[in-house]
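What the coordinates show
Here is what each chain is made of, one letter per residue.
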Amino acid sequence: MLKNKTPFIHEGIKSSYIESDTIIIGMPFDATSSYRPGSRFGPQCIRNEFDCLETYSPYRDKDLTDYRICDIGDIELPPGNTEKALDIIEKELKSVLDDNKKIISIGGEHLISYPAIKSFSEKYNDLCILHFDAHADLRDDYLDEKLSHATVIRRIFDCVSKDRIYQFGIRSGTKEEFELGKTMGGFYKYSLDGLQEVIEAVANRPVYLTIDLDILDPSVLPGTGTPEPGGISFNDLLEAFNIMKDINLKGADIVELSPHYDKSGVSTVVACKVLRELLLLINNRNC
Ligand code: MN
Ligand code: MN
């Protein structure tokens, strides 16, 4: 299993698996990318760049060194077999959840959230999902494929009731997806407006947060497979982290960074900073 491997050491992320509260896991998978593949390089590029970032966050007045975090590396996934890859991800995460750890997964494409959320939903039966994305990802199939980055939230209906799924920033999808959105726990177009009321509704229930980085405007993060103009700013995302500071966050993922579409490298830096803020958010409560 992944948890038996030697962890990666970063500034501020030096704990062993056993002593850590939070585990970082890379998932280099982009087999169903429909437009531009490349998100399989996300975990590796984030790891290479992460140490250039300060471990201290002025936004939170907290430091990564205050917490016990372990980067256990990437799950090895077989190329060309989506079902098998998803099955491996689910089993690895279950095994880490059995040790009562919190998990932050680094994609990879958005489909990795399906097996991740499946394993969390088995541990936490009233799990709520917060979904940040430019895309609704509510198709029932995409080009006849049931398992796709474009169907991931629809697949999650199998394990989490849709009235416990809340979507934000959505600005692209089919008419049917937008109709279906009206039946969700919350469906907020274009921005993160509505997050405060959702946080109050979720109250103390366990939360999984999935961040498709294309929620950010392409001027902030061009390095992604399906860029979508009209997105939120980095400061909007920081404000969301502030609004969420007291939620009962059990797990999260950052998906759809495709580093090589951004020659400047800024998109990877943005993703690293999102990761740092997410690590501080998930460790904000000691439960
Ligand atoms: Mn997505
Ligand atoms: Mn998206």
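Refer to the preceding data block for the structure.
Residues numbered from 1 in each chain as written. Chains lettered and ligands numbered in written order. Predicted model: local features only at pLDDT ≥ 70, side-chain atom pairs only at ≥ 80, totals over all residues. Heavy atoms only, no water.

**A closer look at the coordination of the manganese ion (ligand 2)**
Looking at the manganese ion (ligand 2), one finds its protein donor set to be Asp133 (OD), His135 (ND1), Asp212 (OD), Asp214 (OD) and Asp214 (OD), positioned 2.1 to 2.5 Å from the metal centre. Sequence positions of the residues that donate to the manganese ion (ligand 2) give the spacing D-x1-H-x76-D-x1-D. (Donors = N, O, S within 2.8 Å, 3.2 Å for Na, K, Ca; no water.)

**Structural notes on the environment of Asp87**
Inspection of the secondary structure assignment puts Asp87 in helix 2 (residues 82-97). On a C-alpha basis, the gap between Asp87 and Ala116 in space is 9.9 Å, while along the polypeptide they are 29 residues apart. (Helix = DSSP H or I, 4+ residues; strand = E, 2+ residues; numbered from the N terminus.)

**Looking at the packing of helix 2 against helix 3 (residues 113-123)**
Relative orientation of the contacting elements helix 2 and helix 3 amounts to 35 degrees, with a least axis distance of 8 Å. Every pair of crossing elements has a handedness; the one defined by helix 2 and helix 3 is right-handed. Facing Leu86, Ile89, Glu90, Leu93, Lys94 and Leu97 of helix 2, the residues of helix 3 in contact are Tyr114, Pro115, Ala116, Lys118, Ser119, Phe120, Glu122 and Lys123. Residue composition of the contact of helix 2 with helix 3, by class: eight nonpolar, one polar and five charged. (Axes fitted to C-alpha atoms, helices over the stretch in contact; angles between N-to-C directions. Left-handed = near helix turned anticlockwise from the far one by under 90°. Contact = heavy atoms within 4.5 Å. Nonpolar A, V, L, I, M, F, W, Y, C, P; charged D, E, K, R; others polar.)

**Here's the deal with the pairing of strand 9 (residues 206-212)**
Side chains on a regular strand alternate between the two faces of the sheet. Summarising burial for strand 9: seven of the seven residues are buried, a large majority. The alternating pattern of strand 9 places Pro206, Tyr208, Thr210 and Asp212 on one face and Val207, Leu209 and Ile211 on the opposite face, and all of these are buried. Sheet analysis places strand 9 next to strand 10 (residues 248-255), joined by seven bridges and oriented parallel. Of the residues in strand 10, the one forming a bridge with Leu209 is Ala252. Each parallel crossover has a hand, and the one from strand 9 via helix 7 (residues 234-243) to strand 10 is right-handed. (Buried < 20%, exposed > 50% of the residue type's maximum accessible area, 1.4 Å probe, protein only. Pairing = 2+ DSSP bridges. Right-handed = clockwise from strand over helix to strand, strands pointing away.)

**Describing the pattern of salt bridges**
Counted by the stated rule, this structure contains 16 salt bridges. In this structure, Asp21 engages Arg68 in a salt bridge whose closest nitrogen and oxygen atoms are separated by 3.2 Å. Here the residue Asp21 occupies a position in the segment before strand 1 (22-27), and Arg68 occupies one in the loop between strand 3 (62-63) and strand 4 (69-74), the gap between them amounting to 47 residues. Under the relative-accessibility criterion, Asp21 is labelled partly exposed at 32%. By relative accessible area, Arg68 is classed as partly exposed at 45%. (Salt bridge = Lys/Arg side-chain N within 4 Å of Asp/Glu carboxyl O.)

**Concerning the packing of aromatic side chains**
On inspection of all chains with the given rule, the structure shows five aromatic pairs. Ring centres of Phe120 and Tyr124 lie 6.4 Å apart, and the angle between their planes is 25 degrees; on these two criteria the pair is classed as stacked. Judged on exposure class, the residue Phe120 and its partner Tyr124 are both buried. Ring geometry for Phe168 and Tyr188: centres 4.9 Å apart, planes at 5 degrees, overall stacked. (Phe/Tyr/Trp six-rings, centres within 6.5 Å; stacked < 30°, edge-to-face > 60°.)

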